Structure formats: C-alpha cells, structure tokens
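As a plain string of letters, each chain reads:
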Amino acid sequence: MNTNYLNELNERQREAVSHINGPLMIVAGAGSGKTKVLTTRIAHLMRNGVDAFNILALTFTNKAAREMKERIERILGGHEARNLYIGTFHSVFARILRSEAHKVGYPNDFTIYDADDAKSVVKTVINELNLDDKHYKPNLVYNRISAAKNSLMSPSEYQHDYYIQQEDMRANRPMIGKIYDLYAKRCYKNGAMDFDDLLYVFYHLLKNVPEVLSKYQHKFRYIMIDEYQDTNPAQYEIIKLLGAVHENIAVVGDDAQSIYSFRGATIQNILQFEKDYDGVKVVKLEQNYRCTKSILDVANQVIKNNKGQIEKELWTDNDEGEKIRLVRTTTDNEEGKFVADTIAEQKLRNHYENRDFVILYRTNAQSRSFEESLRRMNIPYRIFGGLSFYQRKEIKDFVAYLRVIINTRDEEALKRIINYPARGIGKTTLDKVTLIANEQDITFWQVLTSAASFGFKSGTLEAIDGFVTMIQSFQSQLAKSNAYDVAVQVGKSTNIVKELFNDKTTEGLARYENVQELLNSIKEFTETPTEDGELLEKSLGSYLQQITLLTDADQGTDENSDVVKLMTIHAAKGLEFPVVFSVGLEETLFPNNMAINSREELEEERRLFYVAITRAKSKLWVTYANSRYRFGNLVQNEPSRFIDEIPEKHVDRSYAGGGVRNMGSSSPSWGGIGSAARGGNNMFDTMKKKTPGSPTPSSSSTARPMPKPAAASSNHTPSANFTPDDPNTMEVGMQVEHQKFGFGTITQLEGAANNRIATVNFPKGGGDKKIMLNYAKLMIINK
DNA sequence: CGGGCTCGACTTTTT
DNA sequence: GTCGAGCCCG
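Numbers given for residues are sequential positions, taken from 1 along each chain in its written order. Whichever chain is written first is A, and whichever ligand is written first is 1; the rest continue in order. Restriction of local features to residues with pLDDT of at least 70 applies here, the model being predicted, together with a cutoff of 80 or more for giving and counting side-chain atom pairs; totals for whole chains, interfaces and linings are based on all residues. In computing side-chain values, all of the structure's heavy atoms are included and hydrogens and water are not.

Chain A is annotated in an unreviewed UniProt entry as DNA 3'-5' helicase from Chitinophaga skermanii. Listed in UniProt under the heading Sequence similarities (unreviewed entry), the comment for chain A reads: "Belongs to the helicase family. UvrD subfamily." UniProt positions are given in the numbering used here, feature names are shortened, and annotations may be inferred rather than shown by experiment.

(A) Focus on the sheet that holds strand S3 (residues 85-88). Pairing between two strands requires that DSSP report at least two bridges joining them. A run of DSSP states H or I qualifies as a helix once it reaches four residues; a run of E qualifies as a strand once it reaches two. Both are numbered from the N-terminal end. The six strands lie next to each other as S3-S2-S6-S7-S1-S8, forming an open sheet whose pairing is parallel. Both outer strands of the open sheet, S3 and strand S8 (281-285), are each paired with one neighbouring strand and no more. Along the sheet, successive strands turn relative to each other by an average axial angle of 15°, direction set aside. Contacting strand S1 (24-28), strand S2 (55-59), strand S6 (222-225), strand S7 (249-253) and S8, helix H2 (residues 34-47) runs over the sheet at an angle of about 170° to S6. Together, S2 and S3 form the strand contacts of helix H3 (residues 62-76), whose direction differs from that of S3 by roughly 155°. Note on definitions: angles span 0 to 180 degrees between N-to-C directions of axes, and those axes are lines fitted to C-alpha atoms, for helices only across the stretch in contact. Only heavy atoms matter for contacts: two residues are in contact if any of them lie within 4.5 Å across the pair.

(B) Structural detail: the pattern of salt bridges. Any carboxyl oxygen of Asp or Glu that lies within 4 Å of a side-chain nitrogen of Lys or Arg is treated as forming a salt bridge with it. Under the definition given, this model contains 46 salt bridges. One salt bridge in this structure joins Glu100 and Lys103, with 2.6 Å as the shortest N-O distance. A relative accessible area of 36% places Lys103 in the partly exposed class. Across the pair Asp197 and Lys149 runs a salt bridge whose closest N-O atoms are separated by 3.0 Å. Linking Asp197 in helix H11 (residues 195-208) with Lys149 in helix H7 (residues 138-150), this pair joins segments that are 48 residues apart in sequence. For every residue, the accessible area (1.4 Å probe, protein chains only) is compared with the maximum for its type, and the residue is labelled buried under 20%, exposed over 50%, or partly exposed between those bounds. Accessibility expressed as a relative area gives 5% for Asp197, which makes it buried. Overall, Lys149 belongs to the buried group, its relative accessible area being 2%. Linked through salt bridges whose partners overlap, the residues forming this network are Lys34, Asp226, Glu227, Asp230 and Lys573.

(C) Inspection of H11 at higher detail. Here a helix's expected span is defined as the number of its residues, less one, multiplied by 1.5 Å. The first and last C-alpha atoms of H11 sit 20 Å apart over 14 residues, in line with the 20 Å expected at 1.5 Å per residue. Counting buried positions along H11 yields 10 of 14 residues, so the element is predominantly enclosed. Here H11 has its buried residues at Asp196, Asp197, Leu198, Leu199, Tyr200, Val201, Phe202, Tyr203, Leu205 and Leu206. Any pair of nitrogen or oxygen atoms within 3.5 Å is treated as a polar contact; in protein, a donor-acceptor pairing is required on top of that, and neighbouring residues in sequence qualify only through side-chain atoms on both sides. Two to three positions downstream of the cap, the backbone nitrogen of Asp196 sits 3.0 Å from a side-chain oxygen, assigning the N-cap of H11 to Asp194.

(D) The arrangement of the packing of H2 against H3 in detail. Taken N-terminus to C-terminus, the directions of H2 and H3 make an angle of 50°; their axes are 9 Å apart at the nearest point. The angle between H2 and H3 places the two elements in the oblique class. In this structure, H2 meets H3 at a crossing whose hand is right-handed. Residue-level inspection shows Thr35, Lys36, Leu38, Thr39, Thr40, Ile42, Ala43 and Met46 of H2 in contact with H3, the latter providing Glu67, Met68, Arg71, Ile72, Ile75 and Leu76. Following the grouping adopted for this structure description, the nonpolar residues are Ala, Val, Leu, Ile, Met, Phe, Trp, Tyr, Cys and Pro, the charged ones are Asp, Glu, Lys and Arg, and the polar ones are all others, Gly among them. Of the residues contributing to the contact of H2 with H3, the split by class is eight nonpolar, three polar and three charged. Orientation labels follow simple angle bins: below 35 degrees gives roughly parallel, above 145 gives roughly antiparallel, 65 to 115 gives roughly perpendicular, and whatever is left gives oblique. Put simply, a crossing is left-handed when the front helix is turned counterclockwise from the back one by less than a right angle, and right-handed when it is turned clockwise.

(E) Focus on the pairing of strand S16 (residues 616-630). Sheet topology note: the strand S11 (residues 324-331)/S16 ladder contains six bridges and is parallel. In the sheet register, Arg328 faces S16, and the bridge partner there is Tyr624. Two strands pair when backbone bridges link them, and strand S15 (residues 577-582) and S16 are joined in this way by five bridges, in the parallel orientation. Paired with Ser582 across the two strands is Val622, which belongs to S16. As defined by bridge partners, S16 adjoins strand S17 (residues 633-636) across four bridges and the pair is classed as antiparallel. For Arg630, the partnering residue across the bridge sits in S17 and is Asn633. Between S16 and S17, which follow one another and run antiparallel, lie two residues, and Phe631 among them has a positive phi close to 50°.

Structure, rendered in structure tokens:
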C-alpha cells in the first residue's frame, strides 16, 4: 500500500482526510480535489482499522462511483477495496431492496420502471380515470408525483396538503392527488418501483422494519456522501436514519454548484448540515487546482451575485492564463460555425486534440448547429445526453420479454410485447383484458393465464395461449440455464432477431446490431465473475435492474476516443476540459425563460453558469447569437445578463463583431486545412460508442436519420442548388422556388419579422398558397 | 393490422 | 424544425 498518501495533500485536504469519527462537512470548491479527498479518506479509514464492509459511499452517478472505486484501488490494491459499498443512491438502495423488499410487500425481483415506463403508467391511470390527457399531461403529472415522493409525501398526504391542493386547484388540475394514489397502487400491483420509489420505499423499509434499520445502521458505520448539495429530502432522511447510531457522516459538497433543485434537490441540506448534527467538523477546500487565475476570478465574480452562500474564497496557484473570449455571432448557425472553426484553428495552432474540447449548452436542442458545423469540418464529436442504449425502442421491446419472464406482474412490459411481433392480439383484446383485470382486481397476466374462462373468441384464445405458453417455457428454461441462453431463445422463438435481420434498411440494420449488442452484453454479464461473490448478482433479474440504472453518460466513458464532446452544462458537472465553449449566453435561453420567475430560480441558473465556467482548465470561450431558431421560429435575443457579470478586465472581445464576418462563408484557410488533414474518415469515431462492459450501439445519438423520401404529394423536384433565403429579404413580386410546390410568385406578405406569412402563386403547384416563412423555406429565383 | 399522414409539444433531468 | 403519438383508411 502506498503509505505516502497523506503527503500528497494540502493542509486543508489532510485535515479532512484525517478526521475519522463524528460528522464532517467538506465544502469543496470547484476543482479543489474533492474526489481525491474522498477516496484518500476512505483509504485512510481502512488504514486505521475500519473494515471495508463498514464503509458506505454514495454518489449521484455511476461514473463518479466507478471513478472512486478505481482511485481507491490504486491506493489500496483491488482486493482490499472490493468489500466497500460504493455506488449511486439508487443502485445501492436497489441492491439492498433486492434482498429486503418482501418485508414491505414488494417482490424481491421487483422491476424498476424508468421514466418512460413511469409516464406510461401515469398515462394509463389518467385515461382510466376518464381524464383528458391533453389537460392532465402525463409529463407534468409525473413530475408532481416525483416531487411528492422526493419529499416523502404519500398519496394521502398529498391529497390532504392544503398548499398542494391550492396549487393544483389553481392550475385546474385537482385530480393529480387521485392520479398519484392510483399510480402508486398500480406500480405496487405490478411489482414495480420507479426511480423515486428506490428512495421512497427504501426509506419506509428503514422506518418501518426496525431489524432492517438496525442491520444497516451497524453495517454502515462510516457513511460518505458526494455532491451533498444535490440531495433531496428523501435522501436526507435516509442518511439521517442510517447514520443515527454512529453519526460518522461525511458530506462533501459545494453550494455554488447546486443545480438540481428542479429535481427535488434542496440546497438547504448543505446549508443546514452544521445545525443538524452536534460538533460538526467543517473543512473548506478553497485551493483550486484546475483553472487559470482569470477563469477562476471570472467564476468567483459571477457567483458573488448570488445571496446566501457558504462563505468561501477560491484561489489558485496556477498561471494567470488568457482572457475569456466573448464572441457574438449573428445567428445560431454562425455560432456553430464559429466554434467548429475555432476548434480547428486551436488544434493546429496549439496542438490540441479533439478530446480537449467541450461545447456546453443550456438545452439539448442547441446541439444541432454545432453538429452540423463539426460534421462539415470533419471533426469527430460525440453528443452526451441522448437516448441511452437501453431506451431505444428495439432494446426496450426485447428487454420487455426478459422483464415479463422475471416478473409477470410487470404490466408495462407485458403490454409492450403481447403483440410484438404481431400475433393477433389487438387493441380490442387488450382493452378487454384490462377491463377484466380491473374488475376482478387481478393482474393482467392472471387474466391471460385463465383466458378460457373469460369468453374470448377461439382465435384470440389460441393466440393468448400461445403467448402464455411461450413465456412459461422461457421461465422454465431459466430455471435450468443462464440468462444469456434464455435471451438467445427469446430472440429465436419470437422471430425478433430474424425479422430485424431481414430488414435491410439502414435503420433496420442498426436495430439488428443493437439487439446483437444487447445479447453480447447479457453474455458478458453472465460470464464475468462476480466481484463480491453474491449469487443473486448474476441472475437475469439483477441484470435487468442494473441496466435500468445505467444512463447514456455511463456508456460514453471511453476516455480513449478522441472526439469533441457536446453536452448540457448539467451533464458536465464533475468534469474538466482544457478548452470550454460555453454557448448560447442569451436572455430567455440562459438564463432560461422558465427559470427567471423567482430569485431562487435565477440563482440556480447563475450557478449553472458558474459550473460551466469552472469546467475550463485553460481556455474559455463564451458565445451568444443575435438571433436563433427556437421551435421553428426565428427569435431575437438580448445578450445574457450573466455576460455583464464577467469582469471587463478578463474579457477579450476582439473576436466579436468583426469576428463574425471572418467566420462567414469565406472561412479562414486554416479551417479547411484542419478539416481535410485531420478529420479524414475519423467520422466513424463518432458513430461508435465503445465502453468495456457495456454494449456498443452502432447508431449512436450522433447518427442522423436518413433523409426522408419526398412526400407522395410532391410533384416538384427541388433544384440541386436549393438553398432557402432569409424570410426577411422576401418582397412582393419576387419569383421564388418552394421545395414541394415548385416555382411561384409572391403576391402578398403579412406578419412581423418572425411570423412572416407569404402568399405565393404556384402555377404548377396548385395556385395560391400561404407559406409560413419560418417553416417552409423559399429560395429567391428572381427579384 | 399497419402505413401514412396530421397534429401538437417542445428546460434542465445524476437515477 | 423535429419527433412522436394517435388517428384514419385501405
């Protein structure tokens, strides 16, 4: 074991690491070596005689957990670290629930519903209550249910809470409480927990089953929590229960980086920690090892505009560094072009690699212009935050079979596959089964297994029996062989694999490959020896639980692939990059329109900007566009108020204005050189995500769908050089071309800049048409 | 039952 | 603009 680990720490860090017993709060500024402190502290605990079995470390992402594990192993050696309990809140609790859930009425092989499953159940319930799902939007309702659970509020409490009811009444949605109640009952009946239940149910398990509480209180004598500022009330209460006996709770967090309040996190948890426990040792890590002086100063000045923070002053020994580049472009497309051009330039000039760059935006929808520009420059990139592999339709369909095999009560999965592939069990039959299930208060599956007694037509009955028999045969096979063999059998018996194989379209090919990858991942799972030797961990049920808790970010951890990364600021937390582009700094976008209604919301947006700034090690570009397309409309935006908060002395505006013109269609020559010389066929890098231990989706989120064939109604083939012109340059009398309707003459114009409507006469395209210029593009042929 | 079309939604989202 | 759900029709 490395015995010098304490020497590698600064004084404050050493103070935190050496604190062994009693509550500890580490206020860790951005880039202050937080993970290092956490991992070293765990190693230090073990060196001082604490048994690995007694240590619990909770993180928010699988990635953070993995990283911690690896770093501890590096200090201690693998065999000693093996018995540590390190994982996300959700995965650790799910793992415990797998052996304890029956004590609160759930099967131990419970299904985990991801957000899509959960919303689908919400929708089912809304429809069953004969409510209008246009008004009771499943998304919105689910978010309220989620918020309730994160505050440990039961359906009954929800329905009796005066304030909540007032809110729902005001929104004219008084039935949300009822929906919550039925939703919870339905999940319970289905033997399923959603993500929030993993906390909610776990809390009630501890609260209501004293021997379980006692067992884990004594097991987890030392508890460590990462990103404490992002914990919600449910997590807070759980920690309180678990830590009550020993009070050896160490929390690490940074109030300035709390950006998940919209998911129920409450910054109060960290602000109050000192009051919650007696004799809290507080250590502040204020030395930043990541950023240049200017970048750090910008971050400090920006965050000063927030009230009510834990007092701290981050400083660094690093170089002064360069100024922050502030760049204004005319449009979102120009912004994309500028960033791609600059990346190419920086690669040449400063010998950066693709992986040194990250583009950070506020909303996922902003990725498009960057994708296009990067693609044009042949710069390989990867977008984080797209669909997770396991959320793809073909994967969810296949996995649904496995879910039903494990838990026939899983109605969501059952409905997915009962007629996939088509076997003659249509909507009519489904409705009937649902009706019977609800009337008789039995599960969907029970109706299917005794379908004969419910008077289905003979053809339908045959189809149902065939399906039931098939599932049952999978189940009995599972008793004899492993998860992989069963999965292969599912692929064969259902013809799914063959069917996908025969689909020779690009999309079909991708789907086939994805299913193959799924099978590979199951194979790998069953064949890799377990770390901790728990038999349960190799079962199909455990595989299913594990994959539901994986996200897109977990698969994108191939540090070796040399690609530019694109992600939301939220997704970037905890990461660092030599060069950061923080883009879209515009009012209504960042701070986002939806988050400027209260001081709290605005401050969270500012913290988000703080997170963006502090991701940068040496160079930071901040960009914004005068106008951009949003929801298909061209909108003009003011520069973000956050820009004004950047101290002028750190700002280099020399790219602004003139820079835009430089970046125009006549790209600087280095742009072209960069792309041709370095990009090459490396584009394939962006098409593959490779991660040891997880599947490789062949069509990653960066792969764009093939262009759709022209609509049947179209009888015009657009000119080869068709390029739409700016709606604002259109005038009455102009000859224009439309992609579908062909050539025509503008006869009338109405509406303001963003909402311009042209009436165009198309002689060959059906006469006068009203064209929303923001949607259907026109090219000017003749003025 | 499935293809094709229209209509409507659309902030962030560790799990 | 882009995606997906849901409806209609063959």
